Amino acid sequence: MTTISASLLGTRDPMLCAITVERDTSPATVASSSDKARRLDEKQYALDDGPCLTALRHQRTVLIEDLSEDGGWRKYAERIAGEGVRSVLAVPIKSDGASRAALNCYALTLGVFDKRTVAAVQAHAVSISKTLRLALRLHADPEVPEDVKSALQSRAVVDAAVSLIMVQNLCSREQAMDLLRAAAVNNNRRIREIATEILRGSTSAGIPSHMQPGALDDDES
């Protein structure tokens, strides 16, 4: 999901993405689009302060348009001075009551996080919240029965694919699920199989051409 976030939400400039989860008062990067994104998160943990920790702990969006000019984050800026990061956006992700989470995006150039991109990242954080809750539930208890674990994994895969379709088509969750069901019916395959192919990079994955990314018109979007 973080790799998808980085590739789809980034414009002409690269974007690095990571997901931070805090449980039992200890934050951790549970996924990242690159090693650099993970390092940028972990520098905040050492300080016990930073945009992603603020976003998840206070459940609010944090936007640093120019890290070198924002005095409120001077300590963090000093810690990551050699990474080439210019802007940071951290958006809370709704999770269960026992944990808090945030989607963290880092840009190497200025001007990446305009109003449209910020809105897209916020919408994406909402769309992946269900997937994250499923993943946290799956890993919370090592004694989860295998049949329950398999069901949770299937749901997580399908929901992740739905989130990807939503970003690609700028459509609602219901529309995205309809596209996935249609692809499964048209190809006489299971929904999870189609979802898995989508997440592996086969964007069309059997989705009819008029339903593929960018094919929805403005009214449908």
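Notes on the structure follow. Predicted model, so just to flag it, every value in this text is computed and none were measured.

How each quantity is defined
Residues numbered from 1 in each chain as written. Predicted model: local features only at pLDDT ≥ 70, side-chain atom pairs only at ≥ 80, totals over all residues. Heavy atoms only, no water. Axes fitted to C-alpha atoms, helices over the stretch in contact; angles between N-to-C directions. Helix = DSSP H or I, 4+ residues; strand = E, 2+ residues; numbered from the N terminus. Parallel < 35°, antiparallel > 145°, perpendicular 65-115°, else oblique. Left-handed = near helix turned anticlockwise from the far one by under 90°. Contact = heavy atoms within 4.5 Å. Salt bridge = Lys/Arg side-chain N within 4 Å of Asp/Glu carboxyl O. Buried < 20%, exposed > 50% of the residue type's maximum accessible area, 1.4 Å probe, protein only. Core = buried A, V, L, I, M, F, W, Y, C linked by side-chain atoms within 4.5 Å. Nonpolar A, V, L, I, M, F, W, Y, C, P; charged D, E, K, R; others polar. Pairing = 2+ DSSP bridges.

### Regarding the packing of helix α7 (residues 173–187) against helix α8 (residues 191–199)
Between α7 and α8, whose axes approach to 8 Å, the crossing angle comes to 110 degrees. Looking at the two axes, α7 sits roughly perpendicular to α8. Judged by the sense of rotation from one axis to the other, the crossing of α7 with α8 is right-handed. For the pair α7 and α8, the contacting residues are Met 177, Leu 180, Arg 181, Ala 183 and Ala 184 in the first and Ile 191, Ile 194, Ala 195 and Ile 198 in the second.

### Observations concerning the pattern of salt bridges
Following the criterion strictly, the structure yields seven salt bridges and no others. Across the salt bridge formed by Glu 22 and Arg 100, the nearest N and O atoms sit 2.6 Å from each other. Of this pair, Glu 22 sits in strand β1 (residues 15–23) while Arg 100 is found in strand β5 (residues 99–107), placing the two residues 78 residues apart along the sequence. A salt bridge links Glu 197 to Arg 189, with the shortest nitrogen-to-oxygen separation between them at 2.5 Å. By relative accessible area, which is 33% here, Arg 189 ends up partly exposed. Here the salt bridges share partners, and the residues they tie into one network are Glu 22, Asp 48, Arg 57 and Arg 100.

### Section: the nonpolar core
Residues Leu 40, Val 62, Ile 64, Leu 67, Ile 80, Val 85 and Tyr 106 are the most contacted members of the largest nonpolar core, which totals 21 residues. Listed by contribution, the elements that provide at least two residues to this core are β1, α2 (35–47), α3 (51–58), β3 (62–64), α4 (74–79), β4 (87–93) and β5. Of the residues forming this core, the biggest block, four residues, is contributed by α3. Counting 19 residues, the second largest nonpolar core, distinct from the first, contains Ile 19, Val 21, Leu 89 and Ile 128.

### Observations regarding the packing of α2 against α3
Running from amino to carboxyl end, α2 crosses α3 at an angle of 70 degrees, the nearest separation of the two axes being 8 Å. Judged on the interaxial angle alone, α3 and α2 are roughly perpendicular. Only Pro 51, Cys 52 and Leu 53 of α3 make contact with α2, whose side of the interface consists of Asp 41, Gln 44 and Tyr 45. Within the contact of α2 with α3, the residues separate by chemical class into four nonpolar, one polar and one charged.

### Looking at the pairing of β1
With eight of nine residues buried, β1 lies mostly within the body of the structure. Note that β1 and β5 share nine bridges and pair antiparallel. Opposite Ala 18, over in β5, you have Asn 104 as the bridge partner. Where β1 meets strand β2 (residues 26–32), six bridges bridge the pair, whose relative direction is antiparallel. Note on β2: the bridge partner recorded for Thr 20 is Thr 29.

### Re the environment of Val 158
By secondary structure assignment, the location of Val 158 is in helix α6 (residues 146–169). The residues contacting Val 158, other than those within four sequence positions of it, are Met 177, Leu 180, Ile 191, Arg 192 and Ala 195.

### Examining the sheet that holds β1
Strand order in the open sheet made by the five strands is β2-β1-β5-β4-β3, with antiparallel pairing throughout. Since the sheet does not close on itself, it has two edges, and those belong to β2 and β3, each with one partner. Strand-to-strand, the axes of this sheet are offset by a mean angle of 20 degrees, without reference to chain direction. Along the sheet, α3 contacts β1, β2, β3, β4 and β5; its crossing angle with β5, the most-contacted strand, is approximately 145 degrees.

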